[in-house]
Amino acid sequence: MGIVIWPGEKLPQQLENSEAQVKELFTVKSHNGVTSIFPQSVASGEPQMQGITLWTRIGSAESGLIQAGFEIATDIDFQAIALQGVSQTDASQDYTVKAVVNSPHLQPSTTYYYRFIYQGTASITGRFKTLPAVNSEVKQVRFAYISCQDYTNGYYNAHRFLAEEEIDFVVFLGDYIYESVGDKSFQRGIRPLQLPSNQPFAATLEDYRFLYQTYNSDRNLQQLRERFAFINIWDDHEFAGDCFGTNTPDQVPFHKSNLRQWATQAWIEHIPTSISFQADQEPLAAVQIYRSFKFGNLLELVMTDERLYRDSPPVDKPEAQQQRYLKQNRYMIPDCPERNYPNRTMLGTTQRQWFLDKVLNSAATWKIWGNEVMTMQLKYLSAFTTKLLGKSTPDLFVSFDQWDGYPVERALLFSTLKEAGVKNFVTITGDFHTFVTGYQKINFDDPDEEPIGVEFLVGSMASSNFAETDNSSTQQINPSIEVMTQMLTASNPHIQYFNSTTHGYNVVEVTPFALTCTLKAVSDITTPGGTISILKVFRVPLDQVLIEDLTPG
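Rules and cut-offs
Residues numbered from 1 in each chain as written. Predicted model: local features only at pLDDT ≥ 70, side-chain atom pairs only at ≥ 80, totals over all residues. Heavy atoms only, no water. Salt bridge = Lys/Arg side-chain N within 4 Å of Asp/Glu carboxyl O. Helix = DSSP H or I, 4+ residues; strand = E, 2+ residues; numbered from the N terminus. Buried < 20%, exposed > 50% of the residue type's maximum accessible area, 1.4 Å probe, protein only. Domains from an automatic or database assignment. Contact = heavy atoms within 4.5 Å. Buried area = accessible area lost by both parts, 1.4 Å probe. Polar contact = N/O pair within 3.5 Å; in protein donor to acceptor, adjacent residues only side chain to side chain. Nonpolar A, V, L, I, M, F, W, Y, C, P; charged D, E, K, R; others polar. Pairing = 2+ DSSP bridges. UniProt positions renumbered as here; feature names shortened; annotations may be inferred. Disulfide = S-S within 2.5 Å. Core = buried A, V, L, I, M, F, W, Y, C linked by side-chain atoms within 4.5 Å. Axes fitted to C-alpha atoms, helices over the stretch in contact; angles between N-to-C directions.

## Quick notes on the pattern of salt bridges
At step 1: For the structure on display, the rule yields 26 salt bridges.
At step 2: Here E468 and R188 are joined by a salt bridge, their closest N and O atoms 3.6 Å apart. A residue pair is termed long-range when its members are at least 10 positions apart, and E468 in the loop between β21 (453–457) and α10 (481–491) and R188 in the loop between β11 (169–172) and α4 (205–215) qualify at 280 residues.
At step 3: The class of R188 is partly exposed, set by a relative accessible area of 35%.
At step 4: Where D549 meets K536, a salt bridge forms, and the shortest distance between an N and an O atom there is 2.9 Å. Taken as a pair, D549 in strand β26 (residues 548–549) and K536 in strand β25 (residues 532–541) lie far apart in primary sequence, 13 residues in all.
At step 5: Overall, D549 belongs to the partly exposed group, its relative accessible area being 43%.
At step 6: When salt bridges with common partners are traced through the structure, they connect D235, D236, R307, R310 and D401 into a single cluster.

This is the structure we're talking about:
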């Protein structure tokens, strides 16, 4: 769809509208009907030094092409307009409107306000902040990161509190939607949904679009998107649980290229990103979501895709399993030779080299990896599994869907960073619905080995944690959350903090001297409301692989 952007009052020649038509397009006649015309409100994403991607969706039943105007200003009343533009959409894009803006009329490190105008009605006003200038001296960057917001499992109370934080932007680490709507093993049905297809999980493009429309209609999520620019990556549930490539391990048949393409299309449509989607290409070539963001000389944020290029789970042999991957071969499972095959990859060779190049060559003081699934080893030692099962049992890994299923590549990444002398490497992670803080190592079984980095996992915004769900396997290991926490921290001494009883977000403050990560939890998600509290405050000093606990009290 076309987009035309211009500063000032002089209209560009490529604009096919007359001056009178443009004046009509930008004339605000009413503030009524905002929710019906803009049912998912507005959002921004992909902040750049002099750029941003603006987003909305028009609640329209019109056929054919429709036009919406947008304005960017330095003031909330739009008296000092920096840019105006016109963007088009139609049913082929689910009436989502995007404005990918890169302009010298936007200044670095500046807060701007924006709105869309359609048929005389202005949207709610959103705001965003541009990135600092390249190589500029930056004193502080402050952001939040979140993940896993299963709409059916609870209310978005944490979003409401996060919208009030003093931050520069939000990183979303995946599981923005859940393709399943009634899986009782982890979805409590607090806010039940029924897909257009009437299937238990998304089976059509219409299903995925319905999920994004529904999730983005939540007022707490809308307020968060209105107030801060988002940097998004996906994890598995934007397509299918534990997915890899075009495969859906928990569905039959498991290989679904068309479904993968539909899932990608809906993500591109409904996420405020400038990433392009080539619908005529095969799914793995149609899109590339791995990318990086630079914040002056202080910070480089490197975002990876850990679903599209990864190999299958190490023990599953689907040809012998009637087109179904077995959960007991992915969860609570002993070590196996296949796990340690040298060529197994989660990132794919091209992305892996890109990632290493980015981190090794970064001139920023802090290198932060925006990562989907837990990098740290997580297993129950044999002494605990034997006690729980009442018979001799080896060490059991919690999940091969995490980096524990790809240990050779993990060791390659970490050893490369260590050999290159990379300092101030911190990883932020979602997926696990659990607040976890710990150290990254090349060999997690060597207690004397020095760590190479620090990892902070954020709890889920709404998705079930271990205290709320039975996530055990056929091994029948299902200890209480208190016993589970004690056993896992004892089995994995690199883990400094583990809490799977609550929900919330992490706020990261980066300065030239330290990185501080504050873990915040909401009191309840089963009903609207709740309160917010600090779980932990951890600090990583400059040039040290060290976790300091600064929690008040």
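## Describing the domain arrangement of the protein
At step 1: One can read the domain layout of the protein as domain 1 (3–130) and domain 2 (141–549).
At step 2: Summarising the inter-unit geometry, the C-alpha centres of domain 1 and domain 2 are found 33 Å apart.
At step 3: Residue-level contacts link 28 residues of domain 1 with 24 residues of domain 2.
At step 4: Interface area, domain 1 with domain 2, both sides summed: about 2,100 Å², of which 47% is carbon and sulfur.
At step 5: Counting the contacts that link domain 1 with domain 2 gives two salt bridges.
At step 6: Between R291 and E46 there is a salt bridge; the shortest N-O distance is 2.7 Å.
At step 7: Here domain 1 is connected to domain 2 by 19 residue pairs in polar contact (both at pLDDT 80 or more).
At step 8: Of all the secondary structure elements, the ones that give two or more residues to the side of domain 1 that touches domain 2 are β2 (42–48), β3 (51–57), β6 (96–102) and β9 (126–129).
At step 9: With seven residues, β2 is the largest single contributor of residues to the side of domain 1 that touches domain 2.
At step 10: Class assignment for the residues of the side of domain 1 that touches domain 2 results in 11 nonpolar, 11 polar and six charged.

## Some thoughts on the pairing of strand β5 (residues 81–89)
At step 1: Across the nine residues that make up β5, a large majority, seven, are buried.
At step 2: The sheet contact formed by strand β4 (residues 66–73) and β5 spans eight bridges and is antiparallel. The residue of β5 that forms the bridge with Q67 is Q88.

## Some words on the UniProt feature "domain: Phospholipase D N-terminal" (unreviewed entry) in the protein
At step 1: Residues given the UniProt feature "domain: Phospholipase D N-terminal" (unreviewed entry) here are residues 41–130.
At step 2: What you have in residues 41–130 is 0% helix and 58% strand, and the ends, taken at the C-alpha atoms, are 21 Å apart.

## Looking at the sheet that holds strand β15 (residues 331–333)
For sheets, the rule is that strands pair by backbone hydrogen bonds, running either parallel or antiparallel.
At step 1: Read across the sheet, three strands follow the order β15-β18-β17 without closing on themselves; strand pairing throughout is antiparallel. Of all strands in the sheet, those with a lone pairing partner are β15 and β17 (379–380), marking the two edges.
At step 2: With two bridges joining them, β17 and strand β18 (residues 396–399) adopt antiparallel strand pairing. Bridge pairing in β18 places Y380 opposite L396.

## Regarding the state of the cysteines
At step 1: Overall, the coordinates contain zero disulfides when judged by the stated rule.
At step 2: Cysteine C243 shares no disulfide, and the gap to the nearest cysteine sulfur, in C148, comes to 13 Å.

## Re the nonpolar core
At step 1: Formed by 87 residues in total, the largest nonpolar core has its most connected members in F143, Y145, V171 and L301.
At step 2: Once you skip the residues sitting within four places of it in the chain, V171 turns out to touch F143, A144, Y145, I146, I231, L301, M303 and I428.
At step 3: With 37 residues, the next largest nonpolar core counts M332, M346, L417 and F432 among its residues.

## Observations regarding the environment of C148
At step 1: Relative to the helices and strands, C148 is located in the loop between β10 (141–146) and α3 (157–162).
At step 2: For C148, a relative accessible area of 0% corresponds to the buried category.
At step 3: For the pair formed by C148 and S460, sequence separation is 312 residues and the distance between their alpha carbons is 5.0 Å.
At step 4: Those residues in contact with C148 that sit more than four places away from it in its chain are F172, G174, D175, Y178, D431, H433, S460, M461, A462 and S463.

## Here's the deal with unusual backbone geometry
At step 1: A cis amide bond, omega -10°, links V252 with the succeeding residue P253.
At step 2: Within the secondary structure layout, P253 lies in the loop between β12 (229–232) and α6 (257–270).
At step 3: The phi dihedral of N424 is positive, around 60°, even though this residue is not glycine.
At step 4: In this fold, N424 is placed in the loop between α9 (407–419) and β19 (425–429).

## Observations regarding the sheet that holds β21
At step 1: The seven strands lie next to each other as β13-β14-β16-β19-β21-β20-β22, forming an open sheet whose pairing is mixed. Sheet topology places β13 (291–295) and β22 (495–499) at the edges, where each strand pairs with a single neighbour. When strand polarity is set aside, the average angle formed by the axes of neighbouring strands in this sheet is 15°.
At step 2: As paired strands, β13 and strand β14 (residues 299–303) are joined by five bridges and run antiparallel to one another. Residue pairing for β14: F293 is matched across the bridge by L301.
At step 3: Those strands touched by helix α7 (residues 349–361) are β13, β14, β16 (366–371) and β19, and its axis lies near 175° from that of β14.

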